Amino acid sequence: MKAPSFAYAKPRSLEEAFELLERAGANILAGGQSLIPSLNMRLSSPELLIDITGLSSLRGISMEQGVVRIGALTTHAEIEKSADIRKHVPLLAQAVPHIAHPAIRNRGTLGGSLALADPAAEYPACLVALGASVAVAGKQGERLVPAEKFFKGLFETDLKAGEIVVGAEFPALKKDERSVFLELARRHGDYAIIGLAAHKTASERRFAFLGAGSTPVLAKGKSLEEAKQALARDLNPPADLYHSSSTKLHLAKVLLERAWNTL
Amino acid sequence: MTVNGTQVTRRVQARQHLVDFLREELGLTGSHIGCEHGVCGACTVRVNGEIVRGCLMLAVQANGCKVETVEGLSDSGELKDLQKAFHEKNALQCGFCTPGMLMAAQDLVLQKKKCSREEIRNHISGNYCRCTGYQAIVDAIEQVLNGKG
């Protein structure tokens with residue numbers, strides 16, 4: 001189908017974007033790889049699209065004092081190709097090839113994925129596993145929200161009216177830390193049946209599942225057996241057309257065991 | 001914007017997709033419209049040197065961009081090896097997916113590296129063929145990439 005009618009604006013600055021965002025029915029357009037399909041299928045009908053892709057200050061990867069900052073408009077393809085990301089946030093480098101297909105990774109952005117908060121998306125689980133934060137900005141300035149607090153529910157985030165995701169901050173990988181990303185999908189690039197972002201630091205192992213609930217779900221437990229038992233209590237994965245909830249729970253345990261033994 | 005090397009200026013509705021613009025305004029009907037929500041890959045075109053979904057980009061977003069379609073790449077001869085290989089390997093039946101397949105395959109060819117069949121399959125995983133299965137398509141791309149066949 002074709003998208004419904006809407007007005008279109010391309011601000012030259014964040015300030016201009018904040019002004020536009022105050023209009024009724026205004027919506028941010030970044031890479032558009034989720035928003036435009038939903039427009040085409042008439043699942044959403046904003047009155048005004050604010051195309052922020054011209055704001056070059058929201059693009060790029062930088063590193064300062066052990067923190068890697070990725071601008072919201074950085075595309076999946078840019079993250080995939082970045083040597084800095086491979087070295088300092090290897091979990092992301094492993095996750096990106098699972099996001100859709102090359103033509104979509106060339107347009108889709110980190111910020112768009114975080115703001116949408118699709119429970120089957122890769123980035124939210126990575127952020128939760130790594131203890132990363134989402135940078136959001138509004139007229140009042142910028143604030144950093146820890147990922148666990150940012151993802152509040154199904155497609156629901158801590159973004160307030162008038163705010164825009166401007167980036168994300170990740171702790172750079174320290175010596176002896178390890179990450180692994182695993183995902184099962186019916187076909188390469190499809191939505192995950194279930195996926196797992198795992199990270200081991202000196203003090204803990206963190207396992208964040210995607211496609212397992214309305215937000216990324218953290219597994220608990222000090223030993224593998226304990227963690228597997230806890231999964232049965234904590235996870236209630238939604239069934240899809242092809243996989244029952246119990247199949248997904250079984251696959252979650254399989255991934256947990258693989259990740260546990262890899263870290 | 002520039003389309004296949006020609007400067008084009010038009011007023012467009014904000015809701016019009018790039019692929020609709022190319023087909024309806026410019027008559028470049030080589031890029032096909034399949035699913036219109038980014039799944040099938042039939043509308044794959046190149047914008048500023050990178051392949052994108054023509055149905056997931058608004059025409060207005062291509063303002064000032066360099067857009068290339070299968071017509072442009074075919075006329076310039078860039079696709080000639082792939083076209084020959086697709087022909088020789090019988091890598092199409094109805095041909096609906098072929099323009100998108102060629103655009104995605106050429107993206108891999110431009111990376112100038114040898115690829116396993118698995119890597120080729122990964123790269124074209126976003127392009128659906130509903131006729132033949134992918135065996136012959138992978139054969140054709142492999143012939144161009146690795147000089148096999």
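Predicted model only: the values in this text are computed from it and were never measured.

Some words on the overall build of chain A
Phase 1 of the analysis: Of regular secondary structure, chain A possesses 11 helices and 14 strands.
Phase 2 of the analysis: Taking 2.2 N^0.38 as the reference for a compact globule, 263 residues should give roughly 18 Å; the C-alpha atoms of chain A span a radius of gyration of 18 Å, in line with that estimate.
Phase 3 of the analysis: Projected onto its principal axes, the C-alpha positions of chain A cover 55 × 45 × 30 Å.
Phase 4 of the analysis: Within the span of chain A, comprising 263 residues, buried residues form 46% of the whole.
Phase 5 of the analysis: Long-range contacts, defined as pairs at least 24 residues apart, comprise 59% of the intrachain contacts of chain A with a sequence gap of at least 6.

Digging into the interface of chain B and chain A
Phase 1 of the analysis: Of the residues lining the interface, 22 residues belong to chain B; the matching set on chain A comes to 25 residues.
Phase 2 of the analysis: Of the residues forming the side of chain B that touches chain A, the biggest block, four residues, is contributed by strand β4 (residues 50-53) of chain B.
Phase 3 of the analysis: Split into classes, the residues belonging to the side of chain B that touches chain A amount to eight nonpolar, nine polar and five charged.

Considerations on the domain arrangement of chain B
Residue and element names in this part refer to chain B.
Phase 1 of the analysis: When cut into domains, chain B gives domain 1 (2-74) and domain 2 (79-146).
Phase 2 of the analysis: Placing a centre on the C-alpha atoms of domain 1 and another on those of domain 2 gives a separation of 21 Å.
Phase 3 of the analysis: Each partner contributes residues to the interface: domain 1 has 14 residues there, and domain 2 has 13 residues.
Phase 4 of the analysis: Put simply, the parts of the chain that give the side of domain 1 that touches domain 2 at least two residues each are β3 (44-47) and α2 (70-75).

Remarks on the sheet that holds β4(B)
Residue and element names in this part refer to chain B.
Phase 1 of the analysis: Sheet architecture is open: five strands sit in the order β2-β1-β5-β3-β4, paired in mixed fashion. Strands with a single pairing partner mark the edges of an open sheet, and in this sheet they are β2 (6-7) and β4.
Phase 2 of the analysis: Sitting on the sheet, helix α4 (residues 98-110) touches β3 and β4, and the angle it makes with β3 is about 45 degrees.

Parameters at a glance
- Residues numbered from 1 in each chain as written.
- Chains lettered and ligands numbered in written order.
- Predicted model: local features only at pLDDT ≥ 70, side-chain atom pairs only at ≥ 80, totals over all residues.
- Helix = DSSP H or I, 4+ residues; strand = E, 2+ residues; numbered from the N terminus.
- Rg over C-alpha atoms; globule rule 2.2 N^0.38 Å.
- Buried ≥ 20, exposed ≤ 12 C-beta atoms within 10 Å, placed from the backbone.
- Contact = placed C-beta atoms within 7 Å.
- Nonpolar A, V, L, I, M, F, W, Y, C, P; charged D, E, K, R; others polar.
- Domains from an automatic or database assignment.
- Pairing = 2+ DSSP bridges.
- Axes fitted to C-alpha atoms, helices over the stretch in contact; angles between N-to-C directions.

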